[in-house]
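Listed here are the chains, written in short residue letters.
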Amino acid sequence: MTKSIAIHTHDLHKDFGEVYAVKGVELEIQRGEVFSLLGPNGAGKSTTISMISGLLKPTRGDATILGNSITKNPQAAKALIGVVPQEIALYGDLTARENLLFWGKMYGLRGTALKQRVDEILEIIGLTDRQKSRVEKFSGGMKRRLNIGIALLHKPDIVIMDEPTVGIDPQSRRNILESVLELNRLGMTVLYTTHYMEEAQELSDHIAIMDHGEIIASGTHDELVRIVGELDRIELSINAEAARVMDAWQRIPGVENIAPENGQLHLLVDDSNTVLPLLFETAAKANVRITSVEVQEPNLETMFLHLTGRALRD
Amino acid sequence: MIKVLDIALKDMTQSFRSLIAILFMFGVPLLMTAMFSLMFGNANAEDEAFVLPITQVILVNQDRGNFGGFAEIGAPEGNSVSSMGGLLTMLLESENFTDLLQIAHMNDPQAARAAVDAQEAGLAIILPADLTDTYMAASGSAEVEIYQDPALTVGPAIIRGIVSQMLDNFSASKIGLNVAIEQYARTNGGVDEAQIQALIGQYFESAAAHENSATNNLDAYLEIRAPQSETATDTQSVSMIAMLMTGMTIFYVFFTGPSTTQSILREEERGTLQRLFVTPTPTTTILSGKFLATLLTIAVQFTVLLLSGYLIFKIQWGDLLSVILLCAGITLAASAFGVFLISWMKSERQAGFMLGGLVTITGMAGMMPIFVLGIPNPPAFIKIVSLCTPQGWAVDGLQNLMNGSSLAAVLPNILVLLIWAVVFFFIGSIRFRNRYS
Amino acid sequence: MRILYLALKDLLQIFRDWKSFLFLLIMPMLFTLVFGFAFGGFGGGESESDPRLPVGIIDNDQQFISQALIDLLDTSSEIRPIGIDDATLAEIEIMVTDDELAAAIIIPSGYSETLTAGEKIHLTTILKTETTGGITAQNGIQTAVNRLMAAIQAAEFSASVQNQAAVFENDSQRLMFFKQSFEQALAQWEQPPFSVIATQPSTPTDQAESENAFTHSSPGMMVQFAIAGLIGAAEVLVLERKSGALQRLLTTAISKTEILLGHFLAMFMMIFAQFAILISFAQIFLDVPYFKAPLATLLVTLATTLFAASMGLLIGTIAKTPEQAVVYSLIPMFILSGLGGAWVPLEFTSEAFQTIGHFTPVAWALDGFQNIIMRGLGLESVLLPATVLLGFAGMCFGLAAWRFNFE
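Residues numbered from 1 in each chain as written. Chains lettered and ligands numbered in written order. Predicted model: local features only at pLDDT ≥ 70, side-chain atom pairs only at ≥ 80, totals over all residues.

**Student:** With reference to specific residues and values, describe the interface of chain A and chain B.
**Tutor:** Facing 19 residues of chain A, the contacting portion of chain B comprises 18 residues. Secondary structure elements with two or more residues in the side of chain A that touches chain B: α2 (74–78) and α3 (96–106) of chain A. For the side of chain A that touches chain B, the leading source of residues is α3(A), giving 3 residues. For the side of chain A that touches chain B, the per-class residue count stands at 11 nonpolar, 4 polar and 4 charged. (Contact = placed C-beta atoms within 7 Å. Helix = DSSP H or I, 4+ residues; strand = E, 2+ residues; numbered from the N terminus. Nonpolar A, V, L, I, M, F, W, Y, C, P; charged D, E, K, R; others polar.)

**Student:** Explain the sheet that holds strand β7 (residues 158–162) of chain A to me, using residue names and the numbers behind them.
**Tutor:** Residues and elements named next belong to chain A. Overall, mixed pairing links the 6 strands, which are arranged β6-β7-β8-β3-β9-β10 in an open sheet. This sheet does not close on itself; its edge strands, each paired only once, are β6 (81–84) and β10 (214–219). The average undirected angle you get between the axes of adjacent strands in this sheet is 15°. Here β6 runs beside β7; their pairing, made up of 4 bridges, is parallel. Bridge pairing in β7 places Val 84 opposite Met 161. Contacting β6 and β7, helix α5 (residues 140–152) crosses the sheet at an angle of about 165° to β6. The strands touched by helix α11 (residues 300–308) within the sheet are β3 (34–38), β9 (206–211) and β10, with β10 carrying the most contacts at an inclination of about 140°. (Pairing = 2+ DSSP bridges. Axes fitted to C-alpha atoms, helices over the stretch in contact; angles between N-to-C directions.)

**Student:** Give a detailed account of the interface of chain B and chain C, specifying residues and quantitative values.
**Tutor:** Taken together, the contact between chain B and chain C spans 103 residues of the former and 102 residues of the latter. Elements supplying a minimum of two residues to the side of chain B that touches chain C: α2 (19–39), β4 (142–148), α6 (154–188), α7 (193–209), β5 (222–225), α13 (348–366), α14 (368–371) and α15 (380–386) of chain B. With 25 residues, α6(B) is the largest single contributor of residues to the side of chain B that touches chain C. Of the residues assigned to the side of chain B that touches chain C, the class counts are 58 nonpolar, 30 polar and 15 charged.

**Student:** Any details on the sheet that holds strand β1 (residues 55–61) of chain B? Residues and values, ideally.
**Tutor:** On the basis of which strands lie adjacent, the open sheet formed by 5 strands has the order β2(B)-β1(B)-β3(B)-β4(B)-β5(C) and mixed pairing. Of all the strands in the sheet, just β2 (101–106) of chain B together with β5 (194–199) of chain C have a single pairing partner and so form its edges. Recorded for the sheet is a direction-independent mean angle of 25° between the axes of neighbouring strands. Two elements, β1(B) and β2(B), share 6 bridges in a ladder whose sense is parallel. Across the sheet, residue Val60(B) finds its bridge partner in β2(B), namely Met106(B). Relative to the sheet, helix α4 (residues 109–117) of chain B contacts β1, β2, β3 (123–127) and β4 of chain B, its axis offset from that of β3(B) by approximately 165°.

**Student:** Can you explain the pairing of β1(B)? Please cite residues and give values.
**Tutor:** Each regular strand shows side chains that alternate between the opposite faces of the sheet. All names here are of chain B. Judged by how many residues are buried, β1 sits mostly within the fold: 7 of 7 residues are covered. Neither face of β1 is left uncovered, since the one carrying Thr 55, Val 57, Leu 59 and Asn 61 and the one carrying Gln 56, Ile 58 and Val 60 both have all their residues buried. With 5 bridges joining them, β1 and β3 adopt parallel strand pairing. Looking at β3, one finds that Leu 59 is bridged to Ile 125. (Buried ≥ 20, exposed ≤ 12 C-beta atoms within 10 Å, placed from the backbone.)

**Student:** An account of the arrangement of the chains is needed here, citing residue identities and associated values.
**Tutor:** Inter-chain contacts occur across 2 pairs of chains; the most extensive set of contacts lies between chains B and C. For chain A and chain C, which are not in contact, the least C-alpha distance works out to 13 Å.

**Student:** How would you sum up the environment of Phe313(B)? Please name residues and give values.
**Tutor:** Looking at the element boundaries, Phe313(B) is found in the loop between α11 (283–312) and α12 (320–343). Sequence separation of Phe313(B) and Ile126(B) is 187 residues, and the distance between their C-alpha atoms is 44 Å.

**Student:** Give a description of the packing of helix α13 (residues 294–318) of chain C against helix α16 (residues 361–373) of chain C that names residues and reports values.
**Tutor:** Residue and element names in this part refer to chain C. Where α13 contacts α16, the two axes come as close as 9 Å, and the packing angle between them is 170°. Considered as vectors, α13 and α16 are oriented roughly antiparallel to each other. In the packing of α13 onto α16, the handedness of the crossing is left-handed. Facing α13, whose interface residues are Ala 296, Thr 297, Val 300, Thr 304 and Phe 307, α16 presents Pro 361, Ala 365, Gly 368, Phe 369 and Ile 372. Here the contact of α13 with α16 is built from residues that sort into 7 nonpolar, 3 polar and no charged. (Parallel < 35°, antiparallel > 145°, perpendicular 65-115°, else oblique. Left-handed = near helix turned anticlockwise from the far one by under 90°.)

**Student:** Describe the nonpolar core, with residues and values.
**Tutor:** Ranked by internal contacts, the top residues of the largest apolar core, which has 279 residues, are Ile160(A), Val190(A), Ala124(B), Ile125(B) and Ala336(B). With sequence-adjacent residues up to four places away left out, Val190(A) is seen in contact with Val34(A), Phe35(A), Val159(A), Met161(A), Val180(A), Leu183(A) and Asn184(A). Of all hydrophobic cores here, the second largest spans 53 residues; its members include Ile79(C), Ala103(C), Ala104(C) and Met149(C). (Core = buried A, V, L, I, M, F, W, Y, C linked by C-beta atoms within 7 Å.)

**Student:** I'd like to hear about helix α14 (residues 322–340) of chain C, residue by residue, with values.
**Tutor:** An ideal rise of 1.5 Å per residue puts 27 Å on 19 residues; α14(C) measures up with 27 Å between its terminal C-alpha atoms. Phi turns positive one or two residues past the end of α14(C), at Gly341(C), with a value near 90°. (Expected span 1.5 Å × (residues − 1).)

**Student:** Give a description of the environment of His8(A) that names residues and reports values.
**Tutor:** Residues and elements named next belong to chain A. Along the chain, His 8 turns up in strand β1 (residues 5–15). Its 19 C-beta neighbours within 10 Å are what place His 8 among the partly exposed residues. For His 8 and Ser 69, which are 61 residues apart along the polypeptide, the C-alpha to C-alpha distance reads 9.3 Å.

**Student:** Give me unusual backbone geometry: which residues, what numbers.
**Tutor:** Of note in this structure, Lys155(A) is not a glycine but carries a positive phi near 50°. With respect to the helices and strands, the residue Lys155(A) is situated in the loop between α5 and β7. Here the phi dihedral of Lys314(B) falls at roughly 55°; this positive angle occurs in a residue that is not glycine. With respect to the helices, strands and loops of the structure, Lys314(B) is situated in the loop between α11 and α12.

**Student:** Let's hear about the pairing of β3(A): which residues, and what values?
**Tutor:** Residue and element names in this part refer to chain A. Burial within β3 is extensive, with 5 of its 5 residues counted as buried. Burial of β3 is two-sided: the residues Val 34, Ser 36 and Leu 38 facing one way and the residues Phe 35 and Leu 37 facing the other way are all buried. The pairing of β3 with strand β8 (residues 189–194) spans 5 bridges and is classified as parallel. Bridge assignment links Leu 37 to a residue of β8, and that residue is Thr 193. Inspection of the sheet shows β3 paired to β9 by 4 bridges, in the parallel sense. Bridging across to β9, Ser 36 finds its partner in Ile 207.

The following block contains the structure:
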């Protein structure tokens, strides 16, 4: 395993008995890149991350962190990663500084080096002034920053972030995305899981798309989009039940796929210029009015729809 | 190893920052001890483990009789009464019994009984109208009725005993005379009234002459002393408050064990435990740190409570080395108890309820010998029930040390506590390792 | 209806863990039994057939007077003599220290002879004077010795009278006369001219029921574990607040008052069910006569339940975390149970404490139950305790409502 590969998973499986969550995941993440694991809720992303970070034992397979096996040499592997969990995992009754000092010790830092690093992290996350306040008194945003700061204490080569932007406001989300890019600029490899396509598109050098425990596609953004070729994606809203027009539209030449989602219809078509008039005509014959139309260039959403027949947010 | 200490110190910091935890570890045991000492009155006296309660008594003296020339019979020196009823009244109201009863007088027995029913008094003593007449007559009997509140046991029983003894004194002179008269009649072929009067006179002269007669001075014939057992190096008995403090200390120490170990569940629910697991810190280290926190917290709690008992309540815990060794055993058992209990819990919520319940039950079972301290001859199974719990062994050991026992006498307790500790810890740690492997 | 739905939801959450409810039932039953046996009648000894306190006797005399003493001890209602002639003094001391014996009597050799000669001789009695067992044994022993001495005095007097009338030819004649007189006196002591008759209220409780040891322990344990059960109920409120479900509830049509009443109703139903089961258990299996005055029992139960539920509501509104709910439930349980006489009857405590104890609702609840099951009284006797309990309930509920609204 060359040192240019930060994380490698080989035939990773996780069977919980009732649920077979991860089925043979193969990933290769290069050093210094931002790698996104994209998929809907329940795809198996968090389970995969948990196995990579050593929290869960794989049923089969292994993962290596810079050549260190997470199953055979877990302590060495864990020393190389910093994990930002999805939920805020802090000690509310300790101060920000106390939290950092404790977690730093857990990552093997001691003495003056620890104290200096804690000061640095406080500076980076902008909590120097509040370092002596108990975390339970912090705002949500402050807790999130501290949550990320802890993962950076030991200057890890790799940072794993598990859906860090779920349920937060747009401003905070923006800040987190910026910080991910900044971390990458500093040389860290970032493994980022999300179910937001636009995040994956914005941040990532490489993306793996996961669904039902399997990687269904992997590559750069352009490579993935190319899977869907030149297919256009049309999003339509109508003033009636989708069933009234779906069959008719399906028979229109050039229509590859139709998927209803949240009151809208998502269509994959060969050429939107040719197909659109036919869609309007068919709808009119069925006494259905099209209330909005949006035509999109091929993107990950399109690709996911093409591969799975479902919208990414289903 | 250092990480074990880091985790332990972090947990202890969190524990000792919680006002609730501090209150429960130190405040409540001391408060409860003070409260119970108030309950039992003079509970710090070394020679009084139990103080008898004062019973409210209503006395109804219906006695119509008259002693006639025998007014000074049985009356304390310098006093004279005209009837048995009057004599009994005077005796019951004397200084000897002011610690036991407080007397109010009524004329009507029905009203007296009603007052007892209404809980205005613990019992009513109703002296019959023919009390003196029976005494003066050749034959016959009279009964003194004691009507009591069935909810009370100790006070009425003691007063019944006192009244019975007084009546026995009167019975004694009557029986003595009867026997003398009967025997005289038997040996002399009969007895007339003049002879009877002469015998009566002779009897009371003889009784007056014998000031140290047995019935007046039982001490001359009955020597009562406390036991001098080999298990006690001195005859000083353990005061009630010392036993109460012992019980409270043990109870709350065994509460702290599970309560502190519960932090594992708390961390699991908050995600910080999982975060610990993704650091380069072995699972064994993490769990060891948590167990060490429990151990150290209990050690601090124990030390503070024993010191407080010594300084505030003047409790002599016993030989220092023996106390230290016994407390070490108790600390280990309490910590392991916590590990064991919490290893069966799935969530903090479940733990809260079960912890409170199980600790209460085992604690109360262990403290049973203390609850029955004032009870005469409690059943043996009380001790057996208590010794089915580690708390029971702890209480027993501390009690022995306070009684002056040597280290050898409490070695079985220390050994059993260590066995409890090993068994609890073994099962608990296996369960935790399996859960977090 | 919303109040009822909320209450049912709470009950579902509380009893989701069926082990908790079982614990709330099994534990009070167990402790009722244990405390009942422990306090098993004043003077409850080890022997089921003879509950009197055991007093060990070593008879080194084995003559008529020592035998008479043993017979007198055997007639006592408080103590029973047990021959322990094989035991050494050291063993006897230990038996008394360890409460195997309430007392031990050592009758010295020559006892009868000495007393017959009109001399004094000590009877050694070993007991713990600072315990109620020791005091009881002392009373019993003193009574027997008193009667023995009285019989000896009677025999002496009779012999001295006879001596005046006709000189005894020899000592054995005198002794024979002495023995006869002594036995006559003892025979008269079997039915002494003056005695005590103990009576109690005769309606509707009879003597056997009022002496039932469980009449002390049953109500005490019921009330204590009713308070212990508040842990689970209070946690429901705490978790509702923590999870945001309360805030969500407040966005619906249900009012704050209805929310409060819904939670209160759940606690009330839980505690009432607990009381009902435990009362039935005590009535059926332990012969505790709760059903003799059913209306009175119902009133006290309702009042106690209302108080406990109100306290649970208060705890639920004050506690911020499940841990606090546990602690805030356990502390009042201990303090109120201890102060109120649930563990040790207030009768055993100092006068000051009995007064203090009645500042707690537990003491009033126990008074109410004891009026029914021990004193055999009816509805009228429980009106005052019920009223006081309702007062406490109102106070707790008021505080809880204020706290809830304040939030």
